[in-house]
Amino acid sequence: MDWLYILMPIAGVKIFWPGLVILGIGVGIIGGFFGMGGAWMVTPGLNILGFPMAFAIGTDIAHMAGKSLISTMRHGKFGNVDYKLGLIMLAGTVIGFEVGAQMVMWLERIGSVEKVVRWIYIGLLTLIAWMVFHDVAKRRSKEKAAAAKGEKLAAGATGVEWHKTLHKIKIPPMVHLKEAGISCSAWLPIIVSFLTGWLAGILGIGGGLIRMPALIYLIGCPTHVAVGTDLFEVAISGLYGALTYTYKGRTELVAAMIMLVGAAIGAQVGAVATKYIKGYGIRIAFGLCVVGCAISILMKLVQPWVPQYKPLLDISATTLVLGLVSIMSLYIFVRMAMGVKEELRSKQQSA
């Protein structure tokens, strides 16, 4: 079965190349759909497949940048990108990203990068999963309360409304964001982008895992606009991240190119799917992916305590990540196909 493995010349490790293909296509679909580069799955996935953590981070960022650019162009055609908001957040993202990347280099020198990054991932994924499902539960509670009064909850209503409190902070300059439909202090997106950029630099992600929920819950963007705007940010910060990690010698370009071929196709599918799966359907699916990813990382973290189960845990973690990517990609593709079919049927009836 040696033909299933390919030597990565820079990292110096042999990798199961079909796993790279599955990650590329699947994360292309998922990233285009959720508005993220998909690194929240790819970085742990590459590490699980055998890449040292620093190389997993750098390689993922390199593949993510090109794919996110393709997705952004597609979302722009649907009016889902608030370019003004994206540009305002750019400075904070880049500065925060470099601070995080320098911390990774320091952790690598002291030999703690694998353990620290994995535990940060676990904590962050747990927090985000709670936030998403707490939001969904609160919205359903509001729907029931409205139904009891014989009313219908507004389509744009949300469960968690932290952004309304933050919008009361009127520190100049104030900005109006047309596509997002909100007005706020320019400092709000700048501070949010710095914090998400910092975490992105540490975790090796474009920031989408953190920024997409931040755009929804802290800045107040509608879900579909958060998806498109986040991809615009991921593309820009990803290009910068790819350059800085390549300069530091932590990017495996062979693996990045293998994944990018499949991701370029998948990203088109994911972007189109947002036209047919809106609002809380996206949020619930996102939450389920976060939970699955956290479990796979936990399987790697517990291995030092149960070394006798290491082979089983390795196989289970790899199967879970690749299976999660495959199942979610298939779900998104099927829902998109159903939406297209329904749209064509409606056009035929009205013709």
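On a predicted model such as this, the values are computed, not experimentally measured, just so you know. (Residues numbered from 1 in each chain as written. Predicted model: local features only at pLDDT ≥ 70, side-chain atom pairs only at ≥ 80, totals over all residues. Heavy atoms only, no water.)

Engineer: Just to check I follow, could you spell out the side chain of Ser193 for this structure?
Structural biologist: By the element assignment, Ser193 lies in helix α7 (residues 187-203). Ser193 gets classed as buried once you look at its relative accessible area, which sits at 0%. Setting aside residues no more than four positions away along its own chain, Ser193 makes contact with Met89, Gly92 and Thr93. (Helix = DSSP H or I, 4+ residues; strand = E, 2+ residues; numbered from the N terminus. Buried < 20%, exposed > 50% of the residue type's maximum accessible area, 1.4 Å probe, protein only. Contact = heavy atoms within 4.5 Å.)

Engineer: I would appreciate a short explanation of the packing of aromatic side chains in the present structure.
Structural biologist: The relative placement of two aromatic rings is captured by the distance of their centres and the angle of their planes. Scanning the model with the defined rule gives 2 aromatic pairs in all. Seen from their ring centres, Tyr83 and Phe232 are 5.1 Å apart, and the 80° between their planes marks the pair as edge-to-face. Linking Tyr83 in helix α4 (residues 83-109) with Phe232 in helix α9 (residues 223-247), this pair joins segments that are 149 residues apart in sequence. Owing to a relative accessible area of 39%, Tyr83 belongs among the partly exposed residues under this scheme. The exposure class assigned to Phe232 is buried, which follows from its relative accessible area of 13%. (Phe/Tyr/Trp six-rings, centres within 6.5 Å; stacked < 30°, edge-to-face > 60°.)

Engineer: Help me understand a nonpolar patch on the surface, please; the structure alone is not making it clear to me.
Structural biologist: Taken together, the side chains of Ile95, Val99, Met103, Ile169, Ile171, Trp187, Ile191, Phe194, Leu195 and Trp198 define a hydrophobic patch exposed on the protein surface, amounting to about 880 Å² of accessible area. Elements with a contribution of two residues or more to the nonpolar patch: α4 and α7. The biggest single contributor to the nonpolar patch is α7, with 5 residues. Following the sequence through the fold, Ile191 ends up in helix α7. Taking the relative accessible area as the measure of exposure, Ile191 reaches 48% and is therefore partly exposed. (Patch = residues over 30% accessible without salt bridge, like charges linked within 9 Å, V, L, I, M, F, W, Y side chains within 5 Å. Areas by Shrake-Rupley, 256 points an atom, 1.4 Å probe, with all protein chains shown as cover. Salt bridge = Lys/Arg side-chain N within 4 Å of Asp/Glu carboxyl O.)

Engineer: What am I meant to see in the environment of Ile327 here?
Structural biologist: Within the element layout of this structure, Ile327 appears in helix α12 (residues 310-350). Residues Ile327 and Gly26, 301 residues apart in the sequence, show an inter-C-alpha distance of 8.8 Å.

Engineer: Looking at this model, I keep getting lost on the packing of α4 against α7. Mind explaining?
Structural biologist: The description of two helices packed together rests on the angle between their axes and the distance between the axes. Put simply, α4 and α7 touch, their axes get as near as 6 Å, and they point 35° apart. In this structure, the crossing between α4 and α7 has a hand that is right-handed. Each residue belonging to the contact of α4 with α7 can be placed in one class, and the counts come to 16 nonpolar, 7 polar and no charged. (Axes fitted to C-alpha atoms, helices over the stretch in contact; angles between N-to-C directions. Left-handed = near helix turned anticlockwise from the far one by under 90°. Nonpolar A, V, L, I, M, F, W, Y, C, P; charged D, E, K, R; others polar.)

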